[in-house]
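Topology and contacts: notes
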Amino acid sequence: MNAPGFFSVVGVVLAKDLRTELRSKQTLMTMAMFGLVLTFVFAFGFVADPATNKKVLPGALWASLLFTGTLGVGRTFAREAELGAFAALVLSPADRAAVLLGKMLGNLAMSIVVMVLVVPLLALMLRVDITATAAIIALQLLLGALGFAVVGTPLAVMAVNARFAEVLLPIVVFPLVTPVLIAGVKGTGIALGTTIGEDAWGWVQFIAAFDVAFGVGGLFLFERMVTE
Amino acid sequence: MSPTGQALCVRGLGRIYDDHYALVGLDATFPAGTITALLGPNGAGKSTLMGMLSTLARPSEGEVTLDGQPLDDSPAMRGRIGYVGHRTMLYGPLSARENLAFFGRLYGVPDLTGRVDALITEVGLARDADRPVEGFSRGMAQRLTIARALLPEPAVLLLDEPFTGLDQDGLVVASRMIARRRDAGAAVVLASHDLALTATLADRALMLRRGRKVFEGPVEGDLAALYRERVEEAAA
């Protein structure tokens, strides 16, 4: 019996997570509903003249990503916690870093789906034309969502056993993802021409470097987090 | 795959929770090709021991060895252990077949489709194989849990209350599957409060009370009487 390779495990875990989510739609629906509520709050709460709306948009986009992303990572191991499958998962000979990477990609996929829904709707309701900068904003948000996934997914293992994990997780995750949030708001502002700065690409590179650093760190950390 | 290992051994094994010893200085052997009944009242340290034998929990002191090698939580060691715990350890939204296929892929089980079909048929879930597990009764889920643990044909099979929720037919099926794994050479550790059923399966017994060993040896004669003598009367 040969233990499966690293990327094989990533694919198996990712496929399982997407399949269970497509059946229940619990996490995705919760994230999407929350994203839509935030969109309406921002749209009706801050709606003003087009110039002001344009200044508001970066903050609204990244706040939506922050809250929906945190909601998503908090549910990362919910399926494993329900019937105790987490123990069976970590007892398998599969590379635990690969298991975590599969979980991270699952979180990223759900954030992407939610942002595909929220971003155009928010731009539409705030009447901000983002078509000219859509590519760089999409890249920023993609890397930002990855940032939430790489920070939040390993920490979400707390939710399997810890009491008050729903409260504890945001307290731990929010400070860690603050650099991503600041870089994202700055970068998106520069892309839209509402923030002083020369180059949005510098912030893109910053978020990418953050993703790599925390991603690699998380893969090493996870191994130590799963045993009592 | 048939396990050919000698034994699972623990030496000076201890586990402390918040200044409280759940298990103290335990020396014991779980030979390959035998079923060892792990017995004791609530709080005796059975689940604590199971946790450390499974690599899910680290010992506070002492060590566990498998075939003379320290039992760490490396993939190679984990791949040799099958574990049934208090919970079913399954995914509710997935069907019985999908659950076994998922874990089979993680273990690299060869001829997975055939193996999954055979196990599902053996545990009597063929008609429900494609139904989500969240709609299963506790007994049906427990049958699948036993199938999950046996899927990779483990060299060490740890069973913590494996008969929970099983009906008479389920008990017969589970007992047969456990005995067959023993006959294939696995070291089986069986913790159960069902002394009558355990007596029909066990070759040896390890009895614990308040985290300490009170008996270890072959089961000869009446297991229930031995348990009363070593555990219950000693406590009185």
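See the structure printed just above.
First, a word on scope: everything that follows refers to the structure included in this document. This one's a predicted model, so the numbers in the text were calculated from it and none came from an experiment.

So, on to the overall build of chain B. A tally of regular secondary structure across chain B gives 8 helices and 10 strands. Computed over its C-alpha atoms, the radius of gyration of chain B comes to 17 Å, within 12% of the 18 Å expected for a compact globule of 236 residues. Taken along the three principal axes of its C-alpha coordinates, chain B extends 50 × 35 × 35 Å. Here chain B holds 236 residues, and 58% of them are scored as buried. Put simply, 67% of the contacts in chain B that link residues at least 6 apart link residues at least 24 apart. When the accessible surface of chain B is summed, it comes to about 9,400 Å², and 49% of that surface belongs to carbon and sulfur atoms. When the 26 basic and 29 acidic side-chain charges of chain B are each reduced to a single mean position, those positions are 1 Å apart.

The subject of this paragraph is unusual backbone geometry. For Arg127 of chain A, which is not a glycine, the phi torsion comes out positive at approximately 55°. Along the chain, Arg127 of chain A turns up in the loop between helix H6 (96-125) and helix H7 (134-155). Positive phi values are uncommon outside glycine, yet Arg210 of chain B reaches one of about 50°. For Arg210 of chain B, the position within the fold is in the loop between strand S9 (204-209) and strand S10 (212-218).

Quick look at the nonpolar core now. Residue and element names in this part refer to chain B. Grouped together as the largest cluster of nonpolar side chains are 134 residues, with contacts concentrated most on Leu26, Phe30, Leu49, Leu53, Leu106 and Phe163. Structurally, this core is a two-domain feature, drawing no fewer than three residues from each of domain 1 (1-80 + 157-236) and domain 2 (90-153). In this structure, Leu53 is in contact with Leu8, Val10, Phe30, Val64, Leu71, Ile81, Leu158 and Val189, ignoring residues within four places of it in sequence.

Opposite the 31 residues of chain A that make contact, chain B presents 32 residues. With both sides pooled, the region where chain A packs onto chain B buries about 3,000 Å², and carbon together with sulfur makes up 61% of that total. Here chain A is connected to chain B by 3 salt bridges. Among the ionic pairs, Asp73 of chain B bridges to Arg96 of chain A, the shortest N-O distance being 2.9 Å. The tally of links from chain A across to chain B stands at 11 residue pairs in polar contact (both at pLDDT 80 or more). Of all the secondary structure elements, the ones that give two or more residues to the side of chain A that touches chain B are helix H1 (6-24), helix H4 (78-83), helix H5 (85-91) and helix H10 (200-225) of chain A. Sort the elements by how many residues they give to the side of chain A that touches chain B and H1 of chain A lands first, with 7 residues. Partitioning the side of chain A that touches chain B into residue classes produces 16 nonpolar, 5 polar and 10 charged.

The rules we used
Residues numbered from 1 in each chain as written. Chains lettered and ligands numbered in written order. Predicted model: local features only at pLDDT ≥ 70, side-chain atom pairs only at ≥ 80, totals over all residues. Heavy atoms only, no water. Helix = DSSP H or I, 4+ residues; strand = E, 2+ residues; numbered from the N terminus. Rg over C-alpha atoms; globule rule 2.2 N^0.38 Å. Buried < 20%, exposed > 50% of the residue type's maximum accessible area, 1.4 Å probe, protein only. Contact = heavy atoms within 4.5 Å. Areas by Shrake-Rupley, 256 points an atom, 1.4 Å probe, with all protein chains shown as cover. Lys, Arg positive; Asp, Glu negative; His and termini not counted. Charge placed at Lys NZ, Arg CZ, Asp CG, Glu CD. Core = buried A, V, L, I, M, F, W, Y, C linked by side-chain atoms within 4.5 Å. Domains from an automatic or database assignment. Buried area = accessible area lost by both parts, 1.4 Å probe. Salt bridge = Lys/Arg side-chain N within 4 Å of Asp/Glu carboxyl O. Polar contact = N/O pair within 3.5 Å; in protein donor to acceptor, adjacent residues only side chain to side chain. Nonpolar A, V, L, I, M, F, W, Y, C, P; charged D, E, K, R; others polar.

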